[in-house]
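# Geometric and topological summary
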Amino acid sequence: MSTYTFAAVLDSPSEDTKIADLPPVLPKDKHSISTPNDIELETIWGDRYNESGGVSLPPGAQTPGYTPHGPQTPKTPNELEMSRPPSPKRDEATNLVQSWSNPPMNKWRVLSACLVYFGNGMTDSATGAVIPYMEKDYNIGYAIVSLIFVTNAAGFILSAFFTETVLQRLGRAKTLMASELVLSLGFTMIVCTPSFGVVVTAYLLLGIGAAFNLALNNVFCANLARSTVILGIAHGSYGVGGIFGPIIATALVSKGVLWSRYYLITLGIRLVCLPFVGWAFWKYEKEAPVQLMSALERTASRRAAVEAGEPTNVQLLKQALRNRVTVFGALLIFAYQGAEVSISGWVISFLISYRGGDPAKVGYVTAGFWAGITLGRFTLSHAAHRVGEKPFVYLLIAGAMAFQLLAWLIPNIIGDAVAVSILGLLLGPIYPCAQTVFTRLLPRRMQMTSISFISSAGSSGGAVAPFTTGLLAQAVGTFVLHPVCIGLFVAMQCCWFGVPRVRKRTE
């Protein structure tokens with residue numbers, strides 16, 4: 001007797017059932033044993049499972065509609081789907097976590113993200129070195145030149161409302177390429193040394209382009225295995241760019257080269273990033289984390305999502321703005337980038353005004369600050385795993401406050417330069433650690449919207465704080481940089497306290 005015939009006998013509804021009523025299974029020859037296929041097994045056992053409410057029926061049990069005369073193959077996908085246990089919903093599907101090397105293309109994607117961040121660092125760090133020369137060239141003061149920080153932040157804020165929409169329509173590769181095109185256009189405008197109004201507009205474009213690539217790359221890196229380390233490396237690349245930016249800019253302008261010609265270098269980097277990011281992420285959607293659902297289950301999940309009503313982009317933004325992690329995260333990064341950009345942009349002016357520094361020499365102090373940030377992200381980020389991101393960031397902020405105070409009180413350039421470098425070392429790991437915590441706490445469907453909003457808030461801080469510092473410096477002097485930054489560090493401690501502790505993900 002074959003295995004299938006034996007199973008059919010066990011399934012017979014009563015003792016009066018004749019063998020002739022059972023589905024005939026004939027062997028092809030006397031030596032072969034007929035084995036039922038998957039559809040036959042699923043139909044016989046699946047029908048009994050579903051009709052009994054999920055409990056397998058014992059032999060002889062009678063259920064309405066049960067027909068023991070052979071298997072009935074479903075004629076439509078819906079009937080086949082109904083013979084299975086209920087399909088999981090979309091949020092219940094388990095995602096396989098990618099790593100930097102799996103799939104193999106991720107190595108190039110992480111490298112492209114590092115190059116993008118390197119270019120961003122080259123742009124942001126050089127601003128402090130060229131500001132004295134912009135003031136002289138356009139005959140403007142601290143308050144007016146600070147407008148470049150405002151429009152740069154406005155670009156970040158505008159992009160927060162469109163990042164998710166553009167990503168859905170264009171895909172990740174084309175969105176990143178579009179961001180590089182926008183950045184290239186902004187640098188082209190600056191290189192031509194136009195009127196200051198055009199320069200201010202160019203910084204708006206730089207903010208839009210940087211906001212897109214920052215949000216997309218942050219989410220990509222944060223969802224990889226060992227995300228804190230990968231984000232530390234990626235943002236460490238930003239710090240490397242921050243080291244080279246003021247060194248190159250100071251070397252050029254001190255030799256009489258027009259300040260705007262520095263941006264030819266950053267333009268060249270963007271033109272390299274343009275094809276690189278497109279090639280690296282071109283097939284990203286096809287290699288996205290595989291969900292452990294069959295095709296029919298994914299179809300059922302999508303159908304259920306449509307019937308339930310998936311949130312629109314506007315609804316996602318509203319949900320993100322009501323989310324505690326988004327709100328406190330945005331305030332934290334607002335204060336963090338406000339302090340970072342203020343130090344980078346105004347410490348040179350402080351050293352010139354209050355320490356009698358030579359512009360051709362003190363410009364390199366900014367390079368020391370960014371060297372500290374880079375070293376901190378490459379080295380101290382690893383310690384966050386052992387200590388824990390939450391207490392680790394508390395310690396870093398407290399140390400930053402101490403060295404900011406030393407940079408204010410030590411009355412010589414060398415002491416100030418050392419204090420500023422150590423300050424950068426302590427500030428460096430805060431951003432990648434915070435991004436890791438935010439990504440772990442945020443629901444997956446809300447990550448892109450929330451991270452974009454947090455990034456835009458950070459850029460707003462990178463505009464409001466240095467702009468306010470510039471206004472106060474115009475009135476009372478550039479020493480106000482230090483009390484402003486200390487106040488921002490206190491705000492960071494309060495906001496970090498408001499961020500919830502990381503819990504194990506349930507989705």
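No experiment lies behind these values; they were computed from the predicted model shown.

## Some points on the overall build of the protein chain
A tally of regular secondary structure across the protein chain gives 20 helices and 0 strands. Residue burial in the protein chain is summarised as follows: out of 507 residues, 51% are buried. Looking at the protein chain alone, contacts between residues at least 24 apart form 84% of all its contacts between residues at least 6 apart. As presented, the protein chain carries roughly 23,200 Å² of accessible surface, and 65% of it is formed by carbon and sulfur atoms.

## Re the nonpolar core
Core analysis: the largest hydrophobic core is formed by 111 residues, its most contacted members being W259, Y263, L427, F438 and F489. Excluding residues within four positions of it along the chain, L427 makes contact with Y336, I343, F369, A400 and F489.

## Examining the packing of helix α10 (residues 227-254) against helix α15 (residues 359-387)
Packing of α10 against α15 brings their axes to within 8 Å, and their N-to-C directions diverge by 170 degrees. Considering the angle they form, α10 stands roughly antiparallel to α15.

## Describing the packing of aromatic side chains
In this structure the tally under the stated criterion is 17 aromatic pairs. Here the aromatic rings of W259 and Y263 are separated by 6.5 Å at their centres, their planes lie at 85 degrees, and the arrangement is edge-to-face. For W259, a relative accessible area of 3% gives the class buried. Joined through ring pairs, the aromatic side chains of Y138, F187, F196, W259, Y262 and Y263 make up one cluster. Positioned over the ring face of W496 is K390, at 4.9 Å from the centre of the ring.

## Things to note about the pattern of salt bridges
Oppositely charged side chains are able to pair whenever their charged atoms sit close together. Scanning all chains against the criterion turns up 4 salt bridges. Of the charged contacts, one joins E180 and R270 as a salt bridge, the two residues approaching to 2.9 Å between their closest N and O atoms. Taken together, the residues E180 in helix α8 (residues 172-191) and R270 in helix α11 (residues 263-281) connect sequence positions 90 residues apart. Its relative accessible area of 0% is what places E180 among the buried residues. Salt-bridge contacts for E389 lead to R440; the nearest nitrogen and oxygen are separated by 3.5 Å. Here the residue E389 occupies a position in helix α16 (residues 389-409), and R440 occupies one in helix α18 (residues 430-441), the gap between them amounting to 51 residues.

## Structural notes on helix α4 (residues 106-138)
In this model α4 runs 45 Å from its N-terminal to its C-terminal C-alpha over 33 residues, within 8% of the 48 Å that 1.5 Å per residue would give. If you look at α4, its biggest bend is around 50 degrees, right at V130, and the proline P132 turns up within four residues after that. Along α4, 24 of the 33 residues are buried, which leaves the element largely enclosed by surrounding structure. Positive backbone phi, approximately 55 degrees, marks N139, located one or two places after α4.

## Quick word on the state of the cysteines
For the structure on display, the rule yields 0 disulfides. C114 carries a free sulfur, and the closest cysteine sulfur to it, the one in C221, is 6.9 Å from it.

## So, a nonpolar patch on the surface
Together, I157, L158, F161 and F162 give the surface a local cluster of nonpolar side chains, amounting to about 390 Å² of exposed area. For I157, the location among the structural elements is in helix α6 (residues 147-160).

## Here we look at the environment of G241
Mapping G241 onto the fold places it in helix α10. Considered as a pair, G241 and M122 are 119 residues apart in the sequence and their alpha carbons are 4.4 Å apart. The contact partners of G241, leaving out residues within four places of it in the chain, are F118, G121, M122 and S125.

## Some thoughts on empty space enclosed by the protein
Evaluation of the coordinates by the stated rule reveals 2 cavities of 30 Å³ or more. Estimates place the volume of the largest cavity at around 480 Å³. Around the largest cavity, the lining is made up of 29 residues, and of these D124, N152, Y238, Q337 and V341 lie nearest the centre. Mapped by element, the contributors of at least two residues to the lining of the largest cavity are α4, α6, α8, α9 (196-222), α10, α14 (324-354) and α19 (447-475). Per-class residue counts for the lining of the largest cavity are 14 nonpolar, 11 polar and 4 charged. In this structure, the second largest cavity spans a volume of roughly 40 Å³. Around the second largest cavity, the lining residues are A129, P132, Y133, T250, I348, I352, P359 and G363. Only α4, α14 and α15 provide two or more residues apiece to the lining of the second largest cavity. With 3 residues, the single largest contributor to the lining of the second largest cavity is α4. Of the residues assigned to the lining of the second largest cavity, the class counts are 6 nonpolar, 2 polar and no charged.

## Re unusual backbone geometry
In this structure, N139 is a non-glycine residue whose phi angle is positive, near 55 degrees. Turning to its location among the elements, N139 is positioned in the loop between α4 and α5 (142-145). Phi at T193 takes a positive value of approximately 50 degrees, unusual for a residue other than glycine.

## Brief notes about the packing of α16 against helix α20 (residues 481-498)
With their axes 10 Å apart at the nearest point, α16 and α20 run at an angle of 170 degrees to one another. The angle between α16 and α20 falls in the class roughly antiparallel. Residue-level inspection shows E389, K390, V393, Y394, I397, A398, A400, M401, Q404, L405, A407 and W408 of α16 in contact with α20, the latter providing H482, P483, C485, I486, F489, V490, M492, Q493, W496 and F497. Looking at the contact of α16 with α20, its residues break down into 17 nonpolar, 3 polar and 2 charged.

## Thoughts on the environment of A225
In this fold, A225 is placed in the loop between α9 and α10. The spatial distance from the C-alpha of A225 to the C-alpha of V97 is 6.4 Å, given a sequence separation of 128 residues. Those residues within four positions of A225 in sequence are excluded, and the remaining contacts are V97, Q98, S99 and I230.

## A few points about the confidence of the model for the protein chain
Residues at a pLDDT of 70 or more form 75% of the protein chain, whose mean pLDDT is 78. Considering only residues more than four positions removed or in separate chains, one finds that residues 1-35, a stretch of pLDDT under 50, has 34 contacts. Across residues 80-95 the pLDDT falls below 50, and counting only partners more than four positions away or on other chains, this stretch makes 36 contacts in the model.

## A short note on α20
In this model α20 runs 26 Å from its N-terminal to its C-terminal C-alpha over 18 residues, within 8% of the 26 Å that 1.5 Å per residue would give. Within α20 the residues assigned to the buried category are L481, H482, C485, I486, L488, F489, M492, Q493, C495, W496 and G498.

Conventions used here
Within each chain, residues carry numbers counting from 1 in the order of the written sequence. The predicted origin of the model limits local features to residues at a pLDDT of at least 70 and limits the giving and counting of side-chain atom pairs to 80 or more, whereas totals for whole chains, interfaces and linings rest on all residues. Hydrogens are left out, water is left out, and the side-chain values use all remaining heavy atoms of the structure. Only runs of H or I of at least four residues qualify as helices and only runs of E of at least two qualify as strands under DSSP, and these elements are numbered from the N terminus. Buried, partly exposed and exposed residues are distinguished by accessible area as a fraction of the type maximum, computed with a 1.4 Å probe on protein chains only: under 20%, between the cut-offs, and over 50%, respectively. Contact between two residues is taken to exist if any of their heavy atoms lie within 4.5 Å; hydrogens are not considered. Surface exposure here means Shrake-Rupley accessible area, sampled with a 1.4 Å probe, where a residue is shielded only by the protein chains that are shown. Working definition of a nonpolar core: buried Ala, Val, Leu, Ile, Met, Phe, Trp, Tyr and Cys residues. They are joined through side-chain atoms within 4.5 Å. Fitting a line to C-alpha atoms yields each axis, with helices limited to the stretch in contact; the angle taken between N-to-C directions then spans 0 to 180 degrees. Here is the rule for angles: anything less than 35 degrees is roughly parallel, anything more than 145 is roughly antiparallel, 65 through 115 is roughly perpendicular, and the remaining ranges are oblique. By convention, a stacked pair of Phe, Tyr or Trp rings (six-membered ring in the case of Trp) has centres within 6.5 Å and planes under 30 degrees apart, an edge-to-face pair has planes over 60 apart, and any other such pair is tilted. As a reminder, the over-ring test applies to NZ of lysine and CZ of arginine, requiring each to be within 6 Å of the ring centre and within 35 degrees of the ring normal. By definition, a salt bridge exists where a carboxyl oxygen of Asp or Glu is found within 4 Å of a side-chain nitrogen of Lys or Arg. Expected span of a helix: the number of residues minus one, times 1.5 Å. Given a residue, its bend is the angle between the two axes fitted to the seven residues that end at it and to the seven that start from it. Sulfur atoms of two cysteines make up a disulfide when they are within 2.5 Å. Surface patches are drawn from residues lacking salt bridges whose relative accessible area is over 30%; two like charges belong together within 9 Å, two nonpolar side chains (Val, Leu, Ile, Met, Phe, Trp, Tyr) within 5 Å. The rule is simple: put a 1 Å grid over the protein atoms alone, call a set of points where a 1.4 Å probe fits but cannot get out a cavity, call an open set with protein on both sides within 12 Å along at least five of seven lines a pocket, and count a residue as lining if it has an atom within 4 Å of a point. Grid points are joined across faces, edges and corners, and a volume is the space filled by probe spheres set on the points. All residues other than Ala, Val, Leu, Ile, Met, Phe, Trp, Tyr, Cys, Pro, Asp, Glu, Lys and Arg, Gly among them, are scored as polar; the first ten of these are nonpolar and the last four charged. A score from 0 to 100, pLDDT tells how confident the predictor is in each residue.

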